[in-house]
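Working through the structure, step by step
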Amino acid sequence: IHLENVSKWQLIYDSVRPHEEAFPDVWNTLMGLDRMVVLRCLRPDKIVPAARVFIIENMGRTFIEPPTFDLGGSYNDSNCCAPLIFVLSPGADPMAGLLKFADDLGMGGTSIQTISLGQGQGPIAANMIYQAITDGTWVVLQNCHLATSWMPALEKICEEVIVPENTNDKFRLWLTSYPSEKFPVSILQNGIKMTNEPPKGVRANLLRSYLNDPISDPVFFSSCQKPEMWQKMLFGLCFFHALVQERRNFGPLGWNIPYEFNESDLRISMRQIQMFLNEYEEIPFEALTYLTGECNYGGRVTDDKDRRLLLSLLSIVYNKDIEQDKYMLAPGDDYYIPPHGPYESYIEFLRGLPITTHPEVFGLHENADITKDNQETNQLFSGVLLTLPREAGGGGKSPQETVEDLAQNILSKLPSDFNVEEVMKKYPVLYEESMNTVLRQELIRFNRYDLISLVNLGRAIKGQVLMSSELEDVFNSMLMGKVPPMWAAKSYPSLKPLGSYVSDLLSRLVFFQDWVIHGPPTVFWISGFYFTQSFLTGVSQNYARKYTIPIDHIGFEFEVMKQEHTMEKMPEDGAYVKGLFLEGARWDRESLLIGESLPKILYDSLPIIWLKPGESSRFLHENIYSCPVYKTSARRGILSTTGHSTNYVLSVELPSDKPQKHWINRGVAALCQLDD
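Just so we're clear, the structure is a prediction, and the values are computed from it rather than from any experiment. (Residues numbered from 1 in each chain as written. Predicted model: local features only at pLDDT ≥ 70, side-chain atom pairs only at ≥ 80, totals over all residues. Heavy atoms only, no water.)

Here's the deal with the pairing of strand β2 (residues 112–116)
Pairing of β2 with strand β3 (residues 138–142) involves five bridges; the strand directions are parallel. Of the residues in β3, the one forming a bridge with Ile115 is Leu141. In this view, the connection linking β2 to its parallel neighbour β3 by way of helix α6 (residues 122–135) has right-handed handedness. (Pairing = 2+ DSSP bridges. Helix = DSSP H or I, 4+ residues; strand = E, 2+ residues; numbered from the N terminus. Right-handed = clockwise from strand over helix to strand, strands pointing away.)

Right, here's the structure in full:
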């Protein structure tokens, strides 16, 4: 694309619906997949709608419109030997519908037995099946994904026991399971598969809550002695429930870990509101916040930043201001608590809400939609990659040649191992300089980085050594441009594709090489560390030893500098760090505060930050946002044996002129590295 064409392409880059725009000049002749390849380069967030258009043009509209959930139709297609499988999706529970369907067919009550699988439930389930195939009743096995060890036994029962000659025609086996690679393929092939995805968006979610039991039950709906307050709190709680469920679609911006909040959480919280309103004169908001935010919903939440977010969202609804008329639940004019009225008036109000939900309703910036769409594109692509055949096509290089060249290329760029003994002489263990120890530990970690598999892979391709399953994994990953699992196991966390990953690894090695040759840098590249916590501890330890203060009394204050990349000299105390990116907000370089993101700019690099150690009891924590720092954009990590998350690093306090909750709801975090 020439420079003079930039303005023509800019229109497509800026467009709200770029997949429907005409491409400039000769590019407009591109059709179908060719056109999607160009769109993928400019606006990857619109690949899913473009794929829909492609399917409509080539196959017809029926292939993109999900059919209505039809239990009767699925049942009519089945027979006594074909199991019926519900593929579960978050937030949808088919059990209530199934039990009602059983009643309608006269198979309710004792004719249907259900069991939720888990430890020790397998033999009980097997006995239920043996009994039911002779009696002609139904058996429902819930949550097969939780009983992976019993799945081979179930497969055997389906193949050997449930056969036409000894099975009553009325017998049916119903299974529910989340997608799982341990689920037996033969059952999937022989069974009838159904899925019922929950409707998307806040409007659909609220309607589902209001049209389902218990709210749709007139007795429950009007069973409170303070009817006006009850209706307001009930509506507010359903809105909160929609927020926490729908935020999952935004990936790590929504929740670090996607929790399975479901209707049972909502139901118990409703009953508690009703009970408290009936029993107390004043509404005990604190008790309700604790029960809903820490127990019913909060009981699922394992990440403390997610808990902070959950309580922040709950405070929109559980607060004194809810007693006002037309209490606003979100920015804009659409979402407020409707005036007190009969059940029908609430349904009517809900039907009038916008079908698509703007990210601001969740407290997110409008850029969050791009993040969400990019994530959908990535899911689609990784699904397509799984179906790739392994054979090579015609004229190009064979996969073996491609991988061999790539392996040689990577090997040629990698420097030799660090000589730790030499470094130890130059940077000995000193009481007043902990950074020497940090450097030594980091070099040992990078030396452990074993890329011997690349050498072996080259030999295996030539047939000089045996191609093991691990080497085959390395081969397949490299062919797709992904980091092989064998490397990832010994690596620092990274979501980058193979090319960027290797460049990033080389940059880290250069950073440490410079440190070894020229001495400690004036500004530390915080993203370059393998184990960032050891660097932070080193900074605290130096301060503690210099001023003889116990290290557990020391914390950091943070000053964001004006300089972007370099500083004249090291600070008197603490350290300068660089290399962080803000997601969900930007650093306003004029007002020196955290500010709103610019349109379409998802990440903003932070200038140099001065980590100033001090006695944490003296810190003020005023007018700041406590911004968590993560190693990658996935944000979720596992707690390692050291008690550190494999992803969370620390929280940096950034000055802010908005209340902390604003940024918490925005999902603002700093990342050590981006994904590309």
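Points about the UniProt feature "domain: Dynein heavy chain AAA lid" (unreviewed entry) in the protein
According to UniProt, the feature "domain: Dynein heavy chain AAA lid" (unreviewed entry) maps to residues 230–368 in the numbering used here. Split by type, residues 230–368 is 50% helix and 0% strand. Its first and last C-alpha atoms lie 33 Å apart. (UniProt positions renumbered as here; feature names shortened; annotations may be inferred.)

Overview of the sheet that holds strand β7 (residues 554–560)
Taken in spatial order, the four strands make up an open sheet running β6-β8-β13-β7, and their pairing is mixed. Strands at the two margins of the open sheet, each flanked by one partner only, are β6 (523–525) and β7. Here the strands of the sheet are splayed against their neighbours by 40° on average, with no regard to which way each runs. Of the pairings in the sheet, the one linking strand β8 (residues 575–578) to strand β13 (residues 609–615) comprises three bridges and is antiparallel in character. When the sheet's bridge partners are listed, Tyr576 is paired in β13 with Trp610. Contacts from helix α24 (residues 532–547) reach β6, β7, β8 and β13, with the element oriented near 110° to β7. (Axes fitted to C-alpha atoms, helices over the stretch in contact; angles between N-to-C directions. Contact = heavy atoms within 4.5 Å.)

Topic: the packing of aromatic side chains
All told, the structure shown has 44 aromatic pairs when counted by the stated rule. Ring geometry for Trp138 against Trp174: centres 5.3 Å apart, planes inclined by 50°, an arrangement best described as tilted. Taken as a pair, Trp138 in strand β3 and Trp174 in strand β4 (residues 172–177) lie far apart in primary sequence, 36 residues in all. Of the two residues examined, Trp138 and Trp174, each falls in the buried class. An aromatic cluster of three or more residues is present, and its members are Phe446, Tyr492, Tyr501, Phe511, Phe512, Trp515, Phe524, Trp525, Phe529, Tyr530 and Phe535. If you follow Lys326 out to its NZ or CZ, it ends over the ring of Tyr336, 4.7 Å from the centre. The ring of Trp610 is capped by Lys612, whose NZ or CZ atom sits 4.9 Å from the centre of that ring. (Phe/Tyr/Trp six-rings, centres within 6.5 Å; stacked < 30°, edge-to-face > 60°. Buried < 20%, exposed > 50% of the residue type's maximum accessible area, 1.4 Å probe, protein only. Lys NZ or Arg CZ within 6 Å of the ring centre and 35° of its normal.)

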